[in-house]
Amino acid sequence: QYSRFRISESIENLEKAVALEPNFAVAWDRLGNSYLVSASTLYGGTDFYEKAEKAFRKSISLDSQNVSPQNHLADLLIETNQKEKAIEILQKSLETEPEDPNAWWEMSYAYRYAGRLEKSIEAGEKAHQVDQGFYLNASVPSYYLYVGEYQKFKNAISRRTDSSYIKFYQGFAEYHLNNKDAAKQLFDEA
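Not measured: the values here are computed from a predicted model. (Residues numbered from 1 in each chain as written. Predicted model: local features only at pLDDT ≥ 70, side-chain atom pairs only at ≥ 80, totals over all residues. Heavy atoms only, no water.)

Novice: So what about the packing of aromatic side chains? Which residues, and what values?
Specialist: Counted under the stated rule, the structure contains 10 aromatic pairs. Relative to tyrosine 169, the ring of phenylalanine 168 has its centre 5.1 Å away and its plane inclined at 80°; by these criteria the two rings are edge-to-face. Using a relative accessible area of 35% as the deciding quantity, one classes phenylalanine 168 as partly exposed. The class for tyrosine 169 is buried, based on a relative accessible area of 18%. Here the aromatic rings of phenylalanine 168 and phenylalanine 172 are separated by 5.5 Å at their centres, their planes lie at 20°, and the arrangement is stacked. Taken together, the positions of phenylalanine 168 and phenylalanine 172, both in helix H10 (residues 164-176) and four residues apart, correspond to about one turn of that helix. (Phe/Tyr/Trp six-rings, centres within 6.5 Å; stacked < 30°, edge-to-face > 60°. Buried < 20%, exposed > 50% of the residue type's maximum accessible area, 1.4 Å probe, protein only. Helix = DSSP H or I, 4+ residues; strand = E, 2+ residues; numbered from the N terminus.)

Structure follows, in structure tokens:
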């Protein structure tokens, strides 16, 4: 349900899963992520941020070696303006899994929100180095945009055509490169 962006159904099913098996760390992580998406993109607000944090911390307490809930908790902290705490968590996560592209990506995100754009670029490029296909999913290397590297931004954006999110950023790149007609077309498609 989560992968189909049916977040309410995802939450309902995962709440049932952790009620049946309260020591299922992965389910707690996925539940936290569903709460986080609800809080940040579906306007679920503070209640869902609090639920997400509790779920991530529960997952971490059950399996402290799994970096996924640590990365997700860091994402939540970034979203709630606690960037320095997020950076601390991600540094620990990267000590455990130095080749985890998601941890590097979240670190890039944290540095960007902290205004440390050069560090953001370094971390984002590291995510791509450890996983060449990383940008192909839904990751947008917006740090290039913020430092005015519009051609690098355009070249790094996924070529996917099935995502409105990606199409919007493809259009944004074209706009900044003064290709207004291409930008308009991509914005209309998005």
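Novice: Talk me through the environment of serine 163; I want residue IDs and the actual numbers.
Specialist: Here serine 163 lies in the loop between helix H9 (150-156) and H10. Of the residues examined, serine 163 reaches a relative accessible area of 11% and is grouped as buried. Residues serine 163 and alanine 190, spaced 27 residues apart in sequence, show a C-alpha to C-alpha distance of 7.6 Å.

Novice: Explain unusual backbone geometry to me, and be specific about the residues and the numbers.
Specialist: Apart from glycine, the bulk of residues carry a negative phi angle, and the bulk of peptide bonds sit in the trans form. Although it is not a glycine, asparagine 81 sits at a positive phi angle of roughly 60°. Within the element layout of this structure, asparagine 81 appears in the loop between helix H4 (67-79) and helix H5 (83-96). Residue asparagine 178 is not a glycine yet carries a positive backbone phi of 65°. One can find asparagine 178 in the loop between H10 and helix H11 (180-189). What makes asparagine 178 exposed here is its relative accessible area of 54%.

From the geometry alone we can't say anything about function, so treat these as descriptive.
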